[in-house]
Amino acid sequence: MTRRSRARPGDLAWLGAAGLGAAALLRSSFAAKAGSARFYLLTASLAGTWTCGALGGEPIPWRGDGVRTGPARTARALVVVPVVTGAATFAVFYGAARAARRHRALRRAITSVLRYADAGSAPLVVLIASGSAVAEELFFRGALWSGPRPLRATTLAYAASTAATGNPALVLAGLITSVVFGWQRDATGGVLAPAVTHVTWSLLMLRYLPPLFRDADAAPPGRGRPRHGRPRVHRG
């Protein structure tokens, strides 16, 4: 599989600066008003920062050398398997989200992120989410993928960047998906497979998760309706 040696000091400084800048933009993005022009500008700048940071170093393997030759095998390794993996990863998150709705703290952490999917222009949200997914793969599974234990290093690096938001749901999601995307990077040797998986997972999350939490805090369980079948009657 394609695995680069340790990055040069100059590349490390460039990647470090890009990572810090992206973390600051990520934090500012989730502090902006959902659907506002500022939010779109910050998230687009975030994707641009990941991309510039990735392309500013050594060349990134796109397809990788872990894919067998032949159109059918190539399509299976770089399209079919990544799409199925992204859908399966989403299914796990969807099941966990249904359980998380019962816990007030988890529900609020998740809804604070999903509100950005509900507000504003849906096509623009999809475009930015897809572009950000590819940009993150270029950075973490591309430029940052080096050394003896790249899976561990990139997973911790991504968790550190999402920790800047102060949202535990994002950190946990980042840890899980980084492992999944890293496995695909290691299996294929390139960033295309994890990028396809990331985009698939992101689009399914945008489409099916917000309805689960829409108005979740409007009427908490047990509040606003009587506990027993018959309402109380107040007599004068």
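Residues numbered from 1 in each chain as written. Predicted model: local features only at pLDDT ≥ 70, side-chain atom pairs only at ≥ 80, totals over all residues. Heavy atoms only, no water.

1. Details of the packing of aromatic side chains
Within a pair of aromatic rings, the relevant descriptors are the distance that separates the centres and the angle that separates the planes. Under the counting rule described, the total for this entry stands at ten aromatic pairs. Ring centres of Phe90 and Tyr208 lie 5.9 Å apart, and the angle between their planes is 45°; this geometry places the pair in the tilted category. Of this pair, Phe90 sits in helix H3 (residues 71–100) while Tyr208 sits in helix H8 (residues 192–208), placing them 118 residues apart in sequence. Cluster of aromatic residues (ring-pair linked, three or more members): Phe30, Phe39, Tyr40 and Tyr116. Looking at Arg207, its charged tip hangs above the ring of Tyr208, at a distance of 4.8 Å from the centre. (Phe/Tyr/Trp six-rings, centres within 6.5 Å; stacked < 30°, edge-to-face > 60°. Helix = DSSP H or I, 4+ residues; strand = E, 2+ residues; numbered from the N terminus. Lys NZ or Arg CZ within 6 Å of the ring centre and 35° of its normal.)

2. Some remarks on the nonpolar core
Core analysis: the biggest nonpolar cluster contains 25 residues, and Leu46, Trp50, Ala54, Ile60 and Phe139 have the highest contact counts within it. Of all the secondary-structure elements, those providing two or more residues to this core are helix H1 (9–29), helix H2 (37–55) and helix H5 (122–143). If near-sequence neighbours (up to four positions away) are discounted, Phe139 is found in contact with Leu15, Ala18, Gly19, Trp50, Gly53, Ala54 and Leu144. Membership of the second largest hydrophobic core comes to 14 residues, among which are Trp201, Met205, Leu209 and Leu212. (Core = buried A, V, L, I, M, F, W, Y, C linked by side-chain atoms within 4.5 Å. Buried < 20%, exposed > 50% of the residue type's maximum accessible area, 1.4 Å probe, protein only. Contact = heavy atoms within 4.5 Å.)

3. Some thoughts on the packing of H2 against H5
Between H2 and H5, whose axes approach to 8 Å, the crossing angle comes to 25°. Classed by the angle they form, the pair H2 and H5 counts as roughly parallel. Crossing geometry of H2 relative to H5 is assigned as left-handed. Here Tyr40, Thr43, Ala47, Trp50, Thr51, Gly53 and Ala54 of H2 lie close against H5, whose contacting residues are Leu124, Val125, Ile128, Gly131, Ser132, Ala135, Glu136, Leu138, Phe139, Phe140 and Ala143. Across the contact of H2 with H5, the residue classes break down as twelve nonpolar, five polar and one charged. (Axes fitted to C-alpha atoms, helices over the stretch in contact; angles between N-to-C directions. Parallel < 35°, antiparallel > 145°, perpendicular 65-115°, else oblique. Left-handed = near helix turned anticlockwise from the far one by under 90°. Nonpolar A, V, L, I, M, F, W, Y, C, P; charged D, E, K, R; others polar.)

4. What to know about a nonpolar patch on the surface
Where nonpolar side chains cluster on the molecular surface, the patch consists of Val79, Val80, Val83 and Val84 and spans about 310 Å² of accessible area. Counting through the fold element by element, Val79 comes out in helix H3. You can call Val79 partly exposed: its relative accessible area is 45%. (Patch = residues over 30% accessible without salt bridge, like charges linked within 9 Å, V, L, I, M, F, W, Y side chains within 5 Å. Areas by Shrake-Rupley, 256 points an atom, 1.4 Å probe, with all protein chains shown as cover. Salt bridge = Lys/Arg side-chain N within 4 Å of Asp/Glu carboxyl O.)

5. So, H8
Helical geometry: 3.6 residues make up each α-helical turn, so side chains three or four residues apart lie on a common side. A rise of 1.5 Å per residue sets the reference length of H8, with its 17 residues, at 24 Å; its end C-alpha atoms lie 24 Å apart and thus fit the reference within 8%. All buried positions along H8 are accounted for by Leu192, Ala193, Pro194, Ala195, Thr197, His198, Val199, Thr200, Trp201, Ser202 and Met205. At its buried positions, H8 is contacted by H3, H5, helix H7 (168–188) and helix H9 (210–213). (Expected span 1.5 Å × (residues − 1).)

These values are about where atoms sit, not about what they do.
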